[in-house]
Amino acid sequence: MDPFDAGAGGLLKQPKSVWATAGASVVAFMGIGLVDPILPSIAQGLDATASQVSLLFTSYFLITAVAMLVTGFVSSRIGGRRTLLLGLAFVVVFAGLAGTSGSVGELVGFRAGWGLGNALFVSTALAVIVGAAAGGSAAAILLYESALGLGMACGPLLGALLGDASWRYPFFGTAFLMAVGFLCIAVFLKEQPKPARKTSLLDPVKALGHGGLASAAVSAFFYNYTFFTVLAFTPFVLNMSPYKSGAVCFAWGVLLAVFSVIVAPRLQKRFGSLKVLGGSLVLLAADVLVLGYGSHTAAVVCTILSGAFIGVNNTVYTELALGVSDAPRPVASAGYNFVRWFAAAAAPFFAPKIEEWTDVHIPFVVAALTAVAGAAVVVVRRKALTLPQALDSAPAGGTPTAEEPEPKHTTEDGVTVFAN
């Protein structure tokens, strides 16, 4: 089946509940990059240093990482719909409070609460979309990945448009949009059956005892350090107005979306997931080095170009996390995310610190080395990552390789958790 087919079960023919959840997902992912183009403005408005402002990412993702151990526990007990609404309520409250911050400490604290809400929402959204979608998981996963890419692209743009007037407005804007998402889900989404088995807090940690899943998580940890060095540190290096910075981040997000949804599945079908992942990580390392040592124009071009490599990596890592182990996929995904989000918390903190200790080039050298380290894990652990259970096909219905079975994106409990 073509997931783009507008007929019954196609991507464009979905219930209102699916579109409501997908729309809220776009806004949720917008929140990740929303502060990118206004980081310098926040620093100036709150009289803070670059390293202090970068803690907005650190607090957000640190809480997100820890919350991955909690989200499955919560959703398996109160249901997907209530978990989504709880997460959205947290985001509305803490995003609104972030806009009222009088100090960088307050803002960092409110972003932590925002991260908890986003973790509850994002970790549950795909499960809900798959359960409510017409046409099975292929169209649902494609729709969710499209929401991710669109959100990552539009977040910086919204931040730039609203942040040009005041750095506070993007936070108020996000709170408003998430409130609309809350109302849409409350009205259009019906509660889905709860999983037959409740998830414990330690299940995701136990799942990491599988060598393949642990390898994917460690490789993704190194990759995420590179990813979030680009996302959180580059705006200070480019030192552009919110509009220009937002335009650069928007172009970056468009490439991320296109390569994640369209290009990556085709590359996987032709070359195999691990070759694509290893090659993309090495190319990302080279791109980051040029970003750090090139001219201002080269830095802008390489920032945008990194979106292509990041899009490919996100797709392949997602499939590995969902299929490389025999653990239920919500549990495997939670364990994988628990590990990798710690790197997303570390990079925004250490990159400006490394600049203070050395110079502006060295944070990008470190980021390049972590990308290479991620590729090295893929090469060394390739046997563990190519078990028969591993996914090596496009999430949107691409053809699997001859030596691997047709992938399934739902568990025996009918629940799937997206790994991105």
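Values in this document were obtained by computation on a predicted structure and should not be read as measured data. (Residues numbered from 1 in each chain as written. Predicted model: local features only at pLDDT ≥ 70, side-chain atom pairs only at ≥ 80, totals over all residues. Heavy atoms only, no water.)

Caption draft 1: Layout of the overall build of the protein chain. From N to C terminus, the protein chain includes 15 helices and zero strands. Relative to its full complement of 420 residues, the protein chain shows a buried share of 60%. Put simply, of all contacts in the protein chain between residues at least 6 apart along the chain, 85% involve residues at least 24 apart. Carbon together with sulfur atoms contributes 68% to the accessible area of the protein chain, which is approximately 15400 Å² in total. (Helix = DSSP H or I, 4+ residues; strand = E, 2+ residues; numbered from the N terminus. Buried < 20%, exposed > 50% of the residue type's maximum accessible area, 1.4 Å probe, protein only. Contact = heavy atoms within 4.5 Å. Areas by Shrake-Rupley, 256 points an atom, 1.4 Å probe, with all protein chains shown as cover.)

Caption draft 2: Broad picture of the packing of helix α13 (residues 296–323) against helix α14 (residues 329–357). α14 packs onto α13 with a crossing angle of 125° between their chain directions and a minimal axis gap of 8 Å. For the element pair α13 / α14, the angle class is oblique. Handedness of the crossing formed by α13 with α14: right-handed. Counting all contacts with α13, which are made through Tyr-317, Ala-321 and Leu-322, the residues of α14 involved are Arg-329, Ala-332, Ser-333 and Tyr-336. Residues of the contact of α13 with α14, tallied by class, amount to five nonpolar, one polar and one charged. (Axes fitted to C-alpha atoms, helices over the stretch in contact; angles between N-to-C directions. Parallel < 35°, antiparallel > 145°, perpendicular 65-115°, else oblique. Left-handed = near helix turned anticlockwise from the far one by under 90°. Nonpolar A, V, L, I, M, F, W, Y, C, P; charged D, E, K, R; others polar.)

Caption draft 3: Fine view of the packing of aromatic side chains. Scanning all chains against the criterion turns up 17 aromatic pairs. An angle of 10° between the planes, with centres 6.4 Å apart, marks the rings of Phe-57 and Phe-61 as stacked. Highlighted residues: Phe-57 and Phe-61, both in helix α4 (residues 55–78), separated by four residues, approximately one helical turn. Take Phe-57 and Phe-61: they sit in the same class, and that class is buried. One aromatic cluster is present, built from ring pairs that chain together Phe-57, Tyr-60, Phe-61, Trp-114, Trp-167, Phe-171, Tyr-223, Phe-227, Phe-228, Trp-252, Tyr-317 and Trp-341. (Phe/Tyr/Trp six-rings, centres within 6.5 Å; stacked < 30°, edge-to-face > 60°.)

Caption draft 4: Inspection of the nonpolar core at higher detail. Counting 111 residues, the largest nonpolar core has Ile-42, Phe-61, Phe-121, Phe-171, Ile-185 and Phe-228 as its most contacted members. Of all the elements, helix α10 (residues 211–238) adds the most residues to this core, at 14 residues. (Core = buried A, V, L, I, M, F, W, Y, C linked by side-chain atoms within 4.5 Å.)

Caption draft 5: Helix α1 (residues 16–33), seen in detail. The end-to-end C-alpha distance of α1 is 27 Å, a good match for the 26 Å that 18 residues give at a rise of 1.5 Å each. Of all 18 residues that make up α1, 15 are buried, and the element is covered over most of its length. (Expected span 1.5 Å × (residues − 1).)

Caption draft 6: Main features of the side chain of Ser-101. Mapping Ser-101 onto the fold places it in the loop between α5 (80–98) and α6 (104–132). For Ser-101, a relative accessible area of 0% puts it in the buried group. From its side chain, Ser-101 meets the backbone nitrogen of Leu-107 in a polar contact 3.5 Å long. With residues up to four places along the chain from it excluded, the contact list for Ser-101 reads Leu-46, Glu-106, Leu-107, Phe-110, Trp-167 and Arg-168. (Polar contact = N/O pair within 3.5 Å; in protein donor to acceptor, adjacent residues only side chain to side chain.)

Caption draft 7: Representation of the environment of Leu-39 in the model. Its place among the elements puts Leu-39 in helix α2 (residues 39–45). Look at Leu-39 and you get buried, because its relative accessible area is 0%. Separated by eleven residues in sequence, Leu-39 and Ala-50 place their C-alpha atoms 8.0 Å apart. When neighbours within four sequence positions are excluded, Leu-39 is seen to be in contact with Val-53, Leu-56, Phe-57, Ala-232, Pro-235 and Phe-236.

Caption draft 8: Geometry of unusual backbone geometry. Positive phi, close to 55°, is recorded for Asp-47, a residue that is not glycine. Position of Asp-47 relative to the elements: it lies in the loop between α2 and α3 (50–53).

Caption draft 9: Local environment of the confidence of the model for the protein chain. Taken residue by residue, the protein chain gives an average pLDDT of 81. The fraction at 70 or more is 85%. No element of the protein chain has a lower mean pLDDT than helix α7 (residues 137–163), at 76, and none a higher one than helix α15 (residues 362–380), at 97. Per-residue pLDDT stays below 50 along residues 387–420; that stretch engages in 98 contacts with residues further than four places along the chain or on separate chains. (pLDDT = per-residue confidence, 0-100.)

Caption draft 10: Main features of the environment of Thr-226. Its location among the elements puts Thr-226 in helix α10. Among the residues examined, Thr-226 registers a relative accessible area of 0% and is labelled buried. Beyond its immediate stretch of four places on either side in the chain, Thr-226 contacts Leu-284, Val-288, Ala-367, Thr-370 and Ala-371. Among the polar contacts made by the side chain of Thr-226, one reaches the main-chain amide nitrogen of Ala-371 at a distance of 3.2 Å.

Caption draft 11: Region of interest: a nonpolar patch on the surface. A cluster of nonpolar side chains, Val-70, Leu-201, Leu-202 and Val-205, forms an exposed patch at the surface whose accessible area comes to about 310 Å². Note on placement: Val-205 falls in helix α9 (residues 203–207). (Patch = residues over 30% accessible without salt bridge, like charges linked within 9 Å, V, L, I, M, F, W, Y side chains within 5 Å. Salt bridge = Lys/Arg side-chain N within 4 Å of Asp/Glu carboxyl O.)

Caption draft 12: The environment of Gly-374, seen in detail. Structurally, Gly-374 is set in helix α15. Placed 150 residues apart in sequence, Gly-374 and Asn-224 show a C-alpha to C-alpha distance of 9.1 Å. In this view, Gly-374 contacts Ser-219, Phe-222, Leu-281 and Tyr-317; residues no more than four positions away in its chain are not counted.

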